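The residues making up each chain are set out below.
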Amino acid sequence: MEELIYSSARSIAAAIRDRQVSCQEVLEAHLRRIDEVNPRLNAVVQLALDRARAEAERADAALARGEAVGPLHGVPMTIKDSLDTEGVVSTGGTQGRVAYVPNEDATVVARVRSAGAILMGKTNTPELTLAGETNNLVYGRTNNPYDLARTSGGSSGGAGAIIAAGGSPLDLGSDTGGSVRLPSHFCGIAGLKPTAGRVPRTGHVVPFGMGAMDSLTVNGPLARYVEDLELVLPIISGVDWRDPYVVPMPLGDPAAVDVAGLTVAVYTDNGIVTPTPETIQTVLGAAASLRDLGARVEEDHPAVLDQSGRLFVKLSASDGRTWIRRLLDKAGTTEVHPWLLQRLEAARPLPVGEFTGVLEEVDAFRSAMLGFIERYDAILCPAAAFPAPEHRGLHEEETTPLASYTNTYNLTGWPGAVVRGGSSPDGLPIGVQVVARPWREDVALAVARKLEQALGGWQPPAL
């Protein structure tokens with residue numbers, strides 16, 4: 001069973017097409033693994049057992065009839081609970097939606113299901129996805145499979161944990177300040193935040209139309225292997241005629257990227273929080289691997305880099321976080337998780353003139369960042385300054401250090417991939433982040449794939 005549950009989604013799909021294994025066998029192997037590990041992880045919070053089994057049976061029958069199949073035909077997967085799933089409870093981690101059952105899928109969910117994927121269940125998320133640790137009043141806390149006393153990250157923490165543990169080969173998450181990349185780093189898997197405007201957010205609990213915050217949230221895939229990020233991205237990308245910010249921009253092919261011809265900037269300290277020595281060494285080791293492959297790697301960083309944490313907080317809090325209160329009101333939530341309540345109570349709305357000044361600061365930051373990356377094809381840096389911390393609530397003052405290496409690229413909107421590059425002295429995963437120019441997910445994925453091959457990528461937890 002281990003060979004099957006630890007396989008890539010791409011290889012599972014190929015084995016199904018070649019009749020080496022049935023869709024039902026694949027599904028049951030993953031359900032057994034979820035049953036085995038989830039009591040300790042609390043990563044999967046809803047299961048769609050009857051429907052998943054019926055869909056797997058129909059998928060096998062379709063294959064037997066010789067019908068055309070999609071690239072994910074028969075592949076079981078999970079979906080972050082912040083994304084609507086037709087017929088399956090979708091809480092977004094908030095009590096007002098504890099019994100909410102959508103009558104249609106989020107756009108990205110509909111697309112992976114149309115490609116043949118089978119929804120096994122939903123994965124845990126903090127309330128409204130707005131925390132760096134996955135914990136809420138509906139389902140409680142998710143644990144890291146490498147150390148149950150530590151966080152799996154947020155907000156796609158349930159996804160990160162169950163993928164790392166072999167319970168699911170794929171998940172779809174969302175990323176506003178690092179919510180795909182941080183769980184990928186903490187749980188030692190691969191994750192991609194696409195360019196803002198690449199993937200529709202229709203059906204996500206934090207939807208499009210969030211005013212000043214709108215461009216920060218992006219939906220993206222999580223998996224154990226970079227090849228599966230490459231597989232899923234074309235499926236979920238493109239205009240859905242609902243999200244008004246999605247651009248019909250062509251996707252490049254990672255296989256066509258010559259990593260030896262790239263110029264890459266590398267930095268290990270963003271001037272906000274200095275990483276652990278092991279994190280620094282992991283990033284420098286990844287840089288050495290790229291040099292060995294023929295890439296030109298230069299130690300360099302944007303001059304405005306240390307402004308990103310301050311600007312991210314100012315932008316998210318500039319309206320007194322009224323945007324969060326509207327989401328809670330829409331959900332019908334009256335009791336809020338203490339950590340989110342703390343954020344709401346700490347925020348003070350700015351006068352309109354100061355608010356427009358923040359917008360100008362953010363645009364100046366984005367312009368300066370573009371001027372930097374004009375000289376490079378990609379940036380290599382930490383995903384976070386430290387490996388997964390122990391559960392501690394991650395209060396407001398801890399959020400900026402936690403996400404300062406990721407939220408920079410939510411402000412710019414650029415694509416970023418994370419892949420495991422090493423381990424801490426106590427065996428916790430350490431990821432590296434590969435950021436590319438806007439719309440160049442192909443470059444980020446190509447570099448991440450090479451680093452995965454050179455550095456080993458995901459490693460199974462002793463769970």
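Residues numbered from 1 in each chain as written. Predicted model: local features only at pLDDT ≥ 70, side-chain atom pairs only at ≥ 80, totals over all residues. Heavy atoms only, no water.

A. Looking closely at helix α12 (residues 338–346). Along α12, the positions that sit buried rather than exposed are Trp339, Leu340, Arg343 and Leu344. Summarising the axial view, the buried residues of α12 lie within an arc of 140 degrees, below the 170-degree limit, and thus occupy one face. Away from its buried face by more than 90 degrees, α12 exposes Pro338 and Ala346. (Buried < 20%, exposed > 50% of the residue type's maximum accessible area, 1.4 Å probe, protein only. Helix = DSSP H or I, 4+ residues; strand = E, 2+ residues; numbered from the N terminus. Arc of directions from axis to C-beta.)

B. Region of the structure containing the pairing of strand β11 (residues 263–266). Where burial is concerned, the two faces of β11 agree: the one with Thr263 and Ala265 and the one with Val264 and Val266 are both buried. Handedness of the crossover joining β11 and strand β12 (residues 296–299) through helix α9 (residues 277–292) is recorded here as right-handed. Sheet analysis places β11 next to strand β13 (residues 378–382), joined by three bridges and oriented parallel. Bridging across to β13, Ala265 finds its partner in Ile379. (Right-handed = clockwise from strand over helix to strand, strands pointing away. Pairing = 2+ DSSP bridges.)

C. Quick look at the packing of aromatic side chains. Counting across every chain of the model gives four aromatic pairs. By the ring-pair criterion, three or more aromatic residues cluster together here, those being Tyr6, Tyr225 and Trp458. Of note, Arg224 hangs over the ring of Trp458, and the distance from its end group to the ring centre comes to 5.5 Å. (Phe/Tyr/Trp six-rings, centres within 6.5 Å; stacked < 30°, edge-to-face > 60°. Lys NZ or Arg CZ within 6 Å of the ring centre and 35° of its normal.)

D. Spotlight on the packing of α9 against helix α16 (residues 441–455). Where α9 meets α16, the closest approach of the two axes is 10 Å, and the angle between their N-to-C directions is 105 degrees. As summarised for this structure, α9 and α16 are arranged roughly perpendicular, according to the angle between their axes. From α9, Gly285, Ala286, Ser289 and Leu290 reach across to α16, where they touch Val447, Leu451, Ala454 and Leu455. The residue makeup of the contact of α9 with α16, split by class, is six nonpolar, two polar and no charged. (Axes fitted to C-alpha atoms, helices over the stretch in contact; angles between N-to-C directions. Parallel < 35°, antiparallel > 145°, perpendicular 65-115°, else oblique. Contact = heavy atoms within 4.5 Å. Nonpolar A, V, L, I, M, F, W, Y, C, P; charged D, E, K, R; others polar.)

E. Inspection of the pattern of salt bridges at higher detail. Summed over all chains, the structure comprises 23 salt bridges. In this structure, the salt-bridge partner of Glu55 is Arg113, at a minimum N-O distance of 2.7 Å. With Glu55 in helix α4 (residues 49–64) and Arg113 in helix α5 (residues 107–114), this residue pair connects regions lying 58 residues apart in the sequence. One salt bridge in this structure joins Asp214 and Arg201, with 3.2 Å as the shortest N-O distance. (Salt bridge = Lys/Arg side-chain N within 4 Å of Asp/Glu carboxyl O.)

F. Representation of the sheet that holds strand β15 (residues 429–436). If you trace the 11 strands from one edge of the open sheet to the other, you get β1-β3-β2-β8-β10-β9-β14-β15-β13-β11-β12, paired in mixed fashion. For this open sheet the edge positions go to β1 (44–47) and β12, each flanked by a neighbour on one side alone. Put simply, the sheet's adjacent strands are angled 30 degrees from each other on average, direction ignored. Both β13 and β15 contribute to a ladder of five bridges, which runs antiparallel.

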